[in-house]
Amino acid sequence: SVACARNASGDSEASAVAEHKLASSQGQAAVRCRNMSIRRGSQHPLLLGLSNIPGAGWGAFAYNEIDKGSFVVEYVGELVSQREADRRGRVYDRRASSYLFNLNTTQVVDACPKGNMSRFLNHSDSANCETRIMTVRGNQHICIYTKTKIKSGQELFFDYLYDKDERSRFGIQPQEASDSSD
């Protein structure tokens, strides 16, 4: 059986399964379930380098060209309670470096101690990637997808969705995503 994801709004992808079965029964090409990349751990290779955002430190860059709408990488780390994340956040704020990402109202992913390359995607108001919370086999995952076609060597960004106070606290000014392939 094929297990398909639900997006953050809870929309089922059961229609994709039905289309897959119908296409298979008619000898046509099957429709792929969008969560297969997540289940298999199929991620695009990323490179680490100095970010094009002044003062941001490291950034994540595409190794190969990536098509628009493609799954890039899962944001992974230690799963902690909101209370523990608040405690860690105070410590991270003193270091001016935090990799906390709210998964839902009670759980947070902390990529600081156990993260992957996804933790190096920096913020941009003109992000070329977006995050989606996907449910796969009953577990929630933070998935990063491209919003545009990405060139090889281009830096990847997503919008951290900080409010005005957070933007001020972290010194984030409105800016454009830089394209390192220029």
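So, here's what we can say about the structure. Residue numbers run consecutively from 1 along every chain, following the written order of its sequence. Per-residue local features are limited, in this predicted model, to residues with pLDDT of at least 70; the limit for side-chain atom pairs, both in listing and counting, is 80 or more; totals at the level of whole chains, interfaces and linings are taken over all residues. Remark: hydrogens and water are excluded; side-chain values derive from all non-hydrogen atoms of the structure.

Let us look at the overall build of the protein. Of the regular secondary structure elements, the protein holds 5 helices and 10 strands. To sort residues, take the accessible area from a 1.4 Å probe on protein chains only and compare it with the maximum for the residue type: under 20% means buried, over 50% means exposed, and anything in between is partly exposed. Taken over 182 residues, the protein has a buried fraction of 35%. For this analysis, residues touch if any pair of their heavy atoms sits within 4.5 Å. Within the protein, residue pairs in contact and separated by at least 24 positions form 65% of the contacts whose partners lie at least 6 positions apart. The Shrake-Rupley method, run with a 1.4 Å probe sphere, supplies the accessible areas, and residue values consider only the shown protein chains as cover. Accessible surface, the protein: about 10,600 Å² in total, of which carbon and sulfur atoms supply 48%. In this description a helix means any DSSP run of H or I spanning at least four residues, a strand means any run of E spanning at least two, and both kinds are numbered starting from the N terminus.

By definition, the strands of a sheet pair up through backbone hydrogen bonds, in either a parallel or an antiparallel sense. Two strands pair if DSSP finds at least two bridges between them. The sheet built from 3 strands is open, its strands ordered β4-β6-β5 with antiparallel pairing. Each having just a single partner strand, β4 (78-81) and β5 (100-102) make up the two edges of the open sheet. Across the sheet, the mean angle separating the axes of adjacent strands is 35° when strand polarity is ignored. Here β5 runs beside strand β6 (residues 107-110); their pairing, made up of 3 bridges, is antiparallel. For helices, the fitted line uses only the C-alpha atoms of the stretch in contact; every axis is such a line through C-alpha atoms, and the angle between N-to-C directions lies from 0 to 180 degrees.

A separate point is the nonpolar core. In plain words, nonpolar cores are sets of buried Ala, Val, Leu, Ile, Met, Phe, Trp, Tyr and Cys residues tied together by side-chain atoms within 4.5 Å. Formed by 21 residues in total, the largest nonpolar core has its most connected members in L46, Y75, L121, I142, I144 and L156. For this core, the elements supplying multiple residues, two or more each, are β2 (58-62), β3 (71-75), β8 (129-136) and β9 (139-146). For this core, the leading source of residues is β3, giving 3 residues. Non-local contacts of L121, meaning those with residues more than four positions away in its chain, are made with L46, A60, C129, I144, L156, F157, F158 and Y160.

Take helix α3 (residues 82-95) next. Here α3 spans 20 Å end to end across 14 residues, near enough to the 20 Å set by a 1.5 Å rise per residue. Among the residues of α3, those classed as buried are A85, R88, G89 and Y92. Along its buried surface, α3 packs onto β4, β5, β6 and α4 (111-114). Positioned one or two residues after α3, A96 has a phi angle of 55°, which is positive. One fewer than the residue count of a helix, multiplied by 1.5 Å, yields its expected span.

Let us now look at the environment of A60. Turning to its location among the elements, A60 is positioned in strand β2. Exposure remark for A60: the relative accessible area of 0% places this residue in the buried category. For the pair A60 and L48, spaced 12 residues apart in sequence, the C-alpha to C-alpha distance is 5.0 Å. In contact with A60, not counting residues within four places along its chain, are L46, L47, M117, F120, L121, Q154, E155 and L156.

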